[in-house]
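Listed below are the residues making up each chain.
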Amino acid sequence: ALLDNRVGRGGYSACAPGAAKVAGTMSEPQAGDDAGRFTVRLTSDSHFAWLRKRMAIDRTMMAWTRTAVSLIGFGFVIVQFFDTLQDIPGAVPPRFPDAPRYLGLGLIFCGILALVASLLEYRWMRRYLWSESFAPLAGSTHLARRAPLYLAAGLLILVGLFAFFAVLLRLT
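First things first, this report covers the structure right here in the doc. (Residues numbered from 1 in each chain as written. Predicted model: local features only at pLDDT ≥ 70, side-chain atom pairs only at ≥ 80, totals over all residues. Heavy atoms only, no water.)

Note on pairing: side chains with opposite charge can pair once their charged atoms come close. Scanning the model with the defined rule gives 2 salt bridges in all. Of the charged contacts, one joins Arg170 and Asp83 as a salt bridge, the two residues approaching to 3.5 Å between their closest N and O atoms. On the criterion of sequence distance, the pair formed by Arg170 in the segment after α4 (148–168) and Asp83 in helix α1 (residues 44–86) is long-range, its members being 87 residues apart. Look at Asp83 and you get partly exposed, because its relative accessible area is 22%. Looking at Arg170, the relative accessible area reads 41%, which means it is partly exposed. Each of Asp83, Asp98 and Arg170 takes part in salt bridges that share partners, so that together they form one network. (Salt bridge = Lys/Arg side-chain N within 4 Å of Asp/Glu carboxyl O. Helix = DSSP H or I, 4+ residues; strand = E, 2+ residues; numbered from the N terminus. Buried < 20%, exposed > 50% of the residue type's maximum accessible area, 1.4 Å probe, protein only.)

Dropping the structure here:
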């Protein structure tokens, strides 16, 4: 069976990553094209679709960053709160005194892991969008490829690691 390689509204279809062909006009696939390839049209709607996709990837990364910060912060707060609670005179001793510490460590670790995983996915998607196939749609220079989210995520990973080891080694 032959695959239909016609291009959708956005100017490209996600049939095969990295296998796009660039065309200057709207055209149907050539008879000799491979079934997994698609055509990238150089039109304004294709460019704006590329921009929408890039912004969606950035928004997704920012959402994951917020989630990771919440997990790291909440894990640290749980440990601090229950440590302070145990120091109150007349408080009933907990049945499992180390449970809040382990829960906090687990949440901090999950936050760091979520941030690393989302950073890797973000990097992969940005490389795909800036690949040779889509370079004509990007219409920008190499400097535009830099993203401040890399710096923010890197700093948050360091903060998360500090919080993790501070709780683990009881430096708090």
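The final tally for this structure, using the stated rule, is 6 aromatic pairs. Between Phe81 and Phe82 the ring centres are 5.2 Å apart and the planes differ by 80°, which places this aromatic pair in the edge-to-face class. On the accessibility criterion, Phe81 (48% relative accessible area) is partly exposed. Overall, the relative accessible area of 33% leaves Phe82 in the partly exposed class. Aromatic side chains Phe109 and Phe164 sit 6.3 Å apart centroid to centroid with 50° between the ring planes, which places their arrangement in the tilted category. Note that Phe109 is positioned in helix α2 (residues 99–129) and Phe164 in helix α4, a separation of 55 residues in sequence. Its relative accessible area of 18% is what places Phe164 among the buried residues. (Phe/Tyr/Trp six-rings, centres within 6.5 Å; stacked < 30°, edge-to-face > 60°.)

Without other data, these values stay purely geometric and don't point to any function.
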